[in-house]
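Summary of structural features
Each chain, written out:
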Amino acid sequence: MRKAILTSQVWRAVFRRPLPRSPREQKQAARNNFFLHLHPATLPRQRLRLTTTFCMGGISFLLFIILTVTGLLLMFYYRPTTAFAYRDMKDLEYAVTMGQFLRNLHRWAAHGMVLTVIAHMARVVYARAYKPPREFNWVVGVSLLVLTLFLSFTGYLLPWDQLAYWATSVGTNMLRAMPVLGAAGPASLVDLNTDVGFYFLGGRVIGESSLIRFYVLHVFVLPVVAIVLMMVHFWRVRKDGMLKTPL
Ligand code: HEM
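Right, let's get into the coordination of the iron atom of the ligand. Protein coordination at the iron atom of the ligand comes from H120 (NE2) and H233 (NE2), with a distance range of 2.0 to 2.1 Å. Metal-centred angles of 86 to 179° between the 6 donor atoms at the iron atom of the ligand mark the site as octahedral. Of this pair, H120 sits in helix α8 (residues 99-126) while H233 sits in helix α13 (residues 208-239), and the two are 113 residues apart along the sequence.

In structure tokens form, the structure reads like this:
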């Protein structure tokens with residue numbers, strides 16, 4: 001059976017060669033296969049140990065994929081208007097098959113991702129992997145951390161319940177208190193409505209225009225920027241000589 005698979009036309013079409021046996025053949029196989037090529041052909045044993053990274057970067061990425069898939073499914077049921085948002089969340093809880101599970105999976109994966117990204121950053125600090133030549137990837141990482149937090153923040157308003165409304169009020173009021181970009185910044189001398197909080201909410205208080213702004217940021221703008229930055233991040237891990245060892 002195994003031999004039949006390894007010599008089949010499908011196997012040859014995908015992998016171009018039979019299962020590699022010698023170390024030389026294994027290296028060639030890694031170079032020729034797109035997925036295996038993501039790792040270098042040879043790796044020091046220490047970099048593969050779980051305790052080197054605790055897989056925190058990888059788990060953050062896995063949670064991001066779970067969030068994307070569950071988020072896409074939630075989009076089939078959720079309408080981002082003040083008339084429907086809360087009702088659609090209740091429908092998900094009580095009427096849609098597995099809706100509560102889907103919503104909880106999305107929410108817990110989001111909480112988990114915030115924790116694993118912070119743990120990943122702590123691991124990078126511990127390994128002093130922020131130093132040259134990895135300093136640019138550290139900056140990309142900081143942007144990913146900010147994006148992760150903004151994704152959580154923009155998602156918070158979407159259920160349109162009391163918690164969402166008031167938590168977002170507190171958050172956007174904090175934006176107004178920012179130096180320079182806030183309500184007392186130089187732009188407010190020209191027009192009182194030009195502080196950063198106003199642009200986020202699309203008005204002075206949370207309403208219909210805030211909900212659609214947060215929705216578009218949450219389901220499109222922030223995830224697309226995060227995907228692009230993650231690709232750069234992974235590419236740089238590879239180009240900067242993979243993980244920093246020894247710790
Ligand atoms: C969405 C968030 C993030 C994802 C998915 C992610 C993913 C990864 C992965 C898979 C690796 C390689 C394996 C590992 O170290 O676990 C890595 C390495 C790295 N990450 Fe991240 N990361 C994220 C956020 C961050 C943050 C917040 C920072 C720092 C501020 C950061 C800085 C770095 C650095 C400097 C490396 C290279 C580490 C080394 O060479 O030892 N990353 N990242």
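If you walk through the whole model with that rule in mind, you get 6 salt bridges. Across the pair R103 and E93 runs a salt bridge whose closest N-O atoms are separated by 2.7 Å. Taken together, the residues span a long stretch of sequence, with R103 in helix α8 and E93 in helix α7 (residues 85-94) at a distance of 10 residues. The exposure class of R103 is buried, given its relative accessible area of 14%. D195 is the salt-bridge partner of R204, the closest N and O atoms lying 3.2 Å from each other.

Okay, the environment of I59 next. Within the element layout of this structure, I59 appears in helix α6 (residues 56-75). I59 sits 58 residues away from V117 along the chain, and the two C-alpha atoms are 8.6 Å apart. If sequence neighbours within four positions are ignored, I59 has contacts with F54 and T116.

The next subject is the packing of helix α9 (residues 135-157) against α13. Where α9 contacts α13, the two axes come as close as 9 Å, and the packing angle between them is 155°. Classified by the angle between their axes, α9 and α13 sit roughly antiparallel to one another. Crossing hand, α9 versus α13: left-handed. Tallied by class, the residues present in the contact of α9 with α13 amount to 19 nonpolar, 8 polar and 1 charged.

Moving on to the nonpolar core. Counting 19 residues, the largest nonpolar core has Y78, L157, L158, W160, L211 and F214 as the members making the most contacts within it. For this core, the secondary structure elements donating two or more residues are α7, α9, α12 (196-201) and α13. Judged by nonpolar contacts, the second largest core, of 15 residues, contains L63, F64, M113 and V117.

H120, R123, R134, G141 and H233 are the nearest of the 25 residues found near the ligand. Interatomic distance of 2.6 Å between a side-chain N/O atom of R123 and an oxygen atom of the ligand. Looking at the shell around the ligand, the elements that each hand over two or more residues are α6, α8, α9 and α13. Of the residues forming the shell around the ligand, the biggest block, 6 residues, is contributed by α8. Looking at side-chain class alone, the shell around the ligand contains 15 nonpolar, 7 polar and 3 charged residues.

Moving on to the confidence of the model for the protein. Averaged over every residue, the pLDDT of the protein is 91; residues scoring 70 or more account for 98%. When mean pLDDT is taken per element in the protein, α6 scores highest with 98 and helix α11 (residues 187-190) scores lowest with 70.

Turning to α13, a few remarks are in order. With 32 residues, α13 ought to run about 46 Å at 1.5 Å a step, and its terminal C-alpha atoms sit 45 Å apart, in line with that. Its axis deflected by about 45° at L217, α13 carries its strongest bend there. What α13 keeps buried is the set S210, L211, F214, Y215, H218, L222, P223, A226, M230 and H233. Summarising the contacts, the buried residues of α13 are in contact with α6, α7, α8, α9, α10 (162-176) and α12. Just past α13, the residue G241 takes up positive phi, approximately 90°.

About the thresholds
- Residue indices begin from 1 for each chain and proceed along its sequence in written order.
- Totals for whole chains, interfaces and linings use all residues, but because this is a predicted model, local features are given only for residues with pLDDT of at least 70 and pairs of side-chain atoms are given and counted only at 80 or more.
- As a rule here, side-chain values cover all heavy atoms of the structure and leave hydrogens and water aside.
- Note that water is not among the atoms considered, so a metal site may appear incomplete; the donors listed are N, O and S atoms within 2.8 Å of the metal, with 3.2 Å applied to Na, K and Ca.
- Here a site with four donors is tetrahedral if all angles are between 85 and 135 degrees, and a site with four or six donors is square planar or octahedral if opposite donors are over 155 degrees apart and the other angles are between 65 and 115; anything else gets the irregular label.
- To qualify as a helix, a DSSP run of H or I must reach at least 4 residues; to qualify as a strand, a run of E must reach at least 2; elements of each kind are numbered from the N terminus.
- Salt bridges are defined by distance alone: a side-chain nitrogen of Lys or Arg within 4 Å of a carboxyl oxygen of Asp or Glu.
- Note on classification: 1.4 Å probe, protein chains only; a residue is buried when its accessible area is under 20% of the maximum for its type, exposed when over 50%, partly exposed between these limits.
- Contacts are assigned to residue pairs that have any heavy atoms within 4.5 Å of one another.
- All axes here are fitted lines through C-alpha atoms, helices being fitted over the stretch that makes contact, and every angle between N-to-C directions spans 0 to 180 degrees.
- We call two directions roughly parallel when the angle between them is under 35 degrees, roughly antiparallel when it is over 145, roughly perpendicular when it lies between 65 and 115, and oblique otherwise.
- In a left-handed crossing the near helix is turned counterclockwise from the far helix by less than a right angle, and in a right-handed crossing that turn is clockwise.
- Under the scheme applied, nonpolar residues are Ala, Val, Leu, Ile, Met, Phe, Trp, Tyr, Cys and Pro; charged residues are Asp, Glu, Lys and Arg; polar residues are all the others, including Gly.
- Residues grouped as a nonpolar core are buried Ala, Val, Leu, Ile, Met, Phe, Trp, Tyr and Cys residues, joined through side-chain atoms within 4.5 Å.
- Here a residue is near a molecule or strand as soon as one of its heavy atoms is found within 4 Å of it.
- In protein, a polar contact requires one atom able to donate a hydrogen and another able to accept it; more generally it is a pair of N or O atoms within 3.5 Å, and residues adjacent in sequence count only if both atoms are side-chain atoms.
- Residue-level confidence of the predictor is summarised by pLDDT, bounded by 0 at the bottom and 100 at the top.
- A helix's residues, less one, multiplied by 1.5 Å, set its expected span.
- The term bend refers to the angle at a residue between two fitted axes, each drawn through seven residues, those ending there and those starting there.

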